[in-house]
Protein chains: 2
Amino acid sequence: MARPRTFDEDTVVDAAMVAFWRTGFDDTPINALEDATGIKRISLYNAFGDKEGLFLAALDRYHLGARDVYEGMVAQGNLDAIQNLFTAMSAPADPDAPAHAGCLMVNTVLDVRRASDEVKARITGYRELLRTSFVSALQNARSEGQMIADDDVIEQRATYLLGLLWGALALIRVEGKTTAAKDVADVGNLTIDGWRRR
Amino acid sequence: MARPRTFDEDTVVDAAMVAFWRTGFDDTPINALEDATGIKRISLYNAFGDKEGLFLAALDRYHLGARDVYEGMVAQGNLDAIQNLFTAMSAPADPDAPAHAGCLMVNTVLDVRRASDEVKARITGYRELLRTSFVSALQNARSEGQMIADDDVIEQRATYLLGLLWGALALIRVEGKTTAAKDVADVGNLTIDGWRRR
DNA sequence: CCTATTTTATAATTCTGAGTATATAACGCT
DNA sequence: AGCGTTATATACTCAGAATTATAAAATAGG
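Since the model is a prediction, treat every value here as computed from it, not as a measurement.

Turning our attention to the confidence of the model for chain A. Of the residues in chain A, 86% have a pLDDT of 70 or more, and the chain-wide mean is 87. Here helix α6 (residues 104-110) of chain A stands out as the least confident element of chain A, with mean pLDDT 64; helix α9 (residues 179-195) of chain A is the most confident, with 96.

Residues and elements named next belong to chain B. As for its position among the elements, Glu9 is in helix α1 (residues 9-23). Residue class for Glu9 comes out partly exposed when judged on its relative accessible area of 32%. C-alpha separation for the pair Glu9 and Leu44, spaced 35 residues apart in sequence, amounts to 9.7 Å. If we skip the residues at most four places from it in the chain, Glu9 touches Ala47 and Phe48.

This part covers the relation of the copies chain B and chain A. Superposing chain B onto chain A takes a rotation of 179° plus a shift of 0.1 Å along the axis, which leaves an RMSD of 0.1 Å. Taken together, the rotation angle and the small translation identify this as a two-fold axis. Scanning chain B for the C-alpha nearest the rotation axis identifies Gly167(B), at a separation of 1.7 Å. A share of 100% of the interface residues of chain B reappears at the interface of chain A, consistent with the copies meeting face to face through the same patch.

The next thing to look at is the nonpolar core. Nonpolar side chains in soluble globular proteins tend to end up buried together. Counting residues in hydrophobic clusters, the biggest one holds 120 residues, and the most contacted among them are Ile82(A) and Ile82(B). Among residues more than four places away in sequence, those in contact with Ile82(A) are Val74(A), Phe134(A), Ala137(A), Leu138(A), Leu161(A) and Ile192(A).

About the cut-offs
Residues numbered from 1 in each chain as written. Chains lettered and ligands numbered in written order. Predicted model: local features only at pLDDT ≥ 70, side-chain atom pairs only at ≥ 80, totals over all residues. Heavy atoms only, no water. pLDDT = per-residue confidence, 0-100. Helix = DSSP H or I, 4+ residues; strand = E, 2+ residues; numbered from the N terminus. Buried < 20%, exposed > 50% of the residue type's maximum accessible area, 1.4 Å probe, protein only. Contact = heavy atoms within 4.5 Å. Least-squares fit on C-alpha atoms with pLDDT ≥ 70 in both. Core = buried A, V, L, I, M, F, W, Y, C linked by side-chain atoms within 4.5 Å.

Structure, rendered in C-alpha cells:
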C-alpha cells in the first residue's frame, strides 16, 4: 500500500562501494554518491541514515566478497594458495578494475586516523580475517607436510604475510599501478618457497 | 629598524613536523599548530604563506633527517645495514618517540589521495631515496661478495624491501605499536639471510 | 622620541560539505 | 478514488576549518 523502492539497495551499495574505493570516505562528497548511485541524497539518507551508514554498508559488502576469497581460497588452501593470492593481487585480470585503487579495506585501514569507532571495528575484523586465513593455510601446509614449523613460527609468518600484502597494496595505491606490487609478490613468493620442505 | 622575529623558524618547523607526524595534515588544525609551535596563526601565515607551506617545510625537514639515515647508513652499507634498519624500525629506542606514529613520509604517502601535487612530488622523491638506497646497499653487498644477483634481481629486491618496509609501517600506524612490525621485520631479515651466499 | 615592523589577541570572513526542509510527483494497495 | 509511502528537485541550514582583518602592544634603529 505504498510506493515501493524503485532502486535495488544492493546495487546502490555496490555503486557506492566503488566510489568510496576510488576516492575514499572523506573525498567522496554526497554529490559524487548521488552521481554514482543514480539516486538523490534524500533517498540515501532515508535508506542508510547518513553518509557513514552507507559507508559501513559498503564495507560490509566488500567484506562479504573478501570473505569468500580468504575463507574459501586461502584458509582452505596451503602455501600454493597463499602464493596464488599474491600473484593474483599483482596481476588483476581487468586493468580497469577498481582493484587498481588498492583494496577498499586496506585503503580504509590506511585512513584509520580519520575513522570512527565503528569503521575501526570493521577494519579490525578484516585484519583478523586475513591473519587467521593465513594461519589456517600455514597450518594446512604443515599438516600436509609442505613445511615444518611450530605454532610460534606460523603466527610470525602470518603476520609477515599480512604486512607484505599491505605493503604491496600501499604501493599500488600510491603508484596507481601494479608493477611494484609484482616485484613484492614475486620475492614474497620466493620467500614462501624457502619455507617448503626440501 | 623593526622588531625582529622572536621565534626561531627551525624550532617552529620542528614542532609543526611532530604535530603533523602524529595527526596528519588534515587532522592538524591551525589551533593545534599554534599550540605546538607556541606562536600565533598570523605569524605562521607570515612566515610560511599558508598551512601547506608549513607542511612542506616540515616534510623537507623530515626528509633532511631521513636522508642522513638512508644515504649515510643504508646506501653506504650492505645486507647487514638493511637488516639493521628493519630491526631499528621495529624496536625504537624511545617508546614515546613519534616514530610510533609510523613515519611521517609513509603516513603522508598513505594519505596521498588527499595531497596536492607539491606534496606528491615530495613523496615521490622520498620513495626514490629509499629505493635507491636499497639498490646501493644491494650493489655493495654484491661487490663485497655477500650475495650473488644480477641487476634485475637487485631492482626487484629493492622494490620488495620498500614494500616490506611500508607494510610494516602501515601495521604500526594501524595498531599503534610495533609488535606486528617486529614479526614482519624478523621474517624479512630471514629472507635477507637467504640472499647471502652460503 | 618616532617610525616601521612584528608580535598578540580577538573577531570577521569565506568556503566546503553534511544534513534538513519543502513542495510535488509517482505508485501500490484497499 | 484516496491514503500512505517513496521518489525528484531545489534550496536552506549549520558546523568546522582556513584565511584575513583590525586594533593594540612590543622593540630595534634613526
